[in-house]
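# Overview (structure and organization)
Single-letter residue listing:
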Amino acid sequence: GGGFNILAIEHEGRDVARWLNQRGVTAFVLRYRIGIGSTEYRRKAGVEDALLAMKTVRRRAAEWKINPRRIGMMGFSAGAFLTLAVATQYTPESPPDFAMPIYDGLPDGYYKVPADAPPLFMALAFDDRERTIAGATGVFRSWKKANIPAELHIFHDGAHGFGMNKKGKASDSWIELLERWMNRLGLITAS
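Residues numbered from 1 in each chain as written. Predicted model: local features only at pLDDT ≥ 70, side-chain atom pairs only at ≥ 80, totals over all residues. Heavy atoms only, no water.

## What about the side chain of R42?
Put simply, the rule is: Helix and strand definitions follow DSSP, with helices as H or I runs of at least four residues and strands as E runs of at least two, each counted in order from the N terminus. Relative accessibility under 20% of the residue-type maximum defines a buried residue, over 50% an exposed one, and the middle range a partly exposed one, all with a 1.4 Å probe and only protein chains included. Just so you know, the count uses Lys and Arg for positive and Asp and Glu for negative, and it drops His and the chain ends. What counts as a salt bridge is simple: a side-chain nitrogen of Lys or Arg found within 4 Å of a carboxyl oxygen of Asp or Glu. We call two residues in contact whenever any of their non-hydrogen atoms come within 4.5 Å of each other.
Take R42: it is sitting in helix α2 (residues 39-59). Here R42 is buried and forms no salt bridge, its nearest opposite-charge partner E40 lying at an N-O distance of 9.7 Å. Every residue in contact with R42, bar those within four places of it in the chain, is listed here: F4, N5, R33, I34, G35, I36 and G37.

Okay, here's the thing in structure tokens:
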């Protein structure tokens, strides 16, 4: 996350990677291009970087001893925007097997859900921005219309940017729900 101006690399990057590592998941933290040009240019550059990252991990999966049927993407806020872009704009070399956009959604009409789009896990807080809630519920409806599994959690409070930070808010439980979802999909084993 970071609004394409900064990278919220700790609580929305490294902390999540450590959590995944503790569950036997290999995780990469993408440092995509930020802070250059217009917002639209930064978004486009970020999407290019995310698609390239997915393609690179897929291409090198055997070398890195990664299961090629368990390669997905997670992002927060601006990173969730990139995650949804990868989940809808992938090439034959870069399809994700699952996607986890956390507190952000693309506006309706921004994307077309492919017939083979990956399953989604989404989480956000009710006290986030209206456009974030509208975007996420729109994404959920699009996945439902395409008959592709999606799970959406809207917590009573937690606002925008909760990441891995525990704040005594309802959103603190999102990570446990993610773990259960990943278990159901066979992406990790119960801890």
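## Looking at the nonpolar core
We count it as follows: As used in this record, nonpolar core signifies buried Ala, Val, Leu, Ile, Met, Phe, Trp, Tyr and Cys residues forming a set joined through side-chain atoms within 4.5 Å.
Among the nonpolar cores identified, the biggest contains 29 residues, and L82, L120, V139 and W143 are the most heavily contacted of them. For this core, the secondary-structure elements that each account for two or more residues are α2, α3 (78-89), β3 (120-125) and α4 (130-145). The dominant element in this core, judged by the number of residues it contributes, is α3, at 7 residues. Once residues within four sequence positions are removed from consideration, W143 is found in contact with A87, T88, Y111, V113, A117, P118, L120, I148, P149 and A150.

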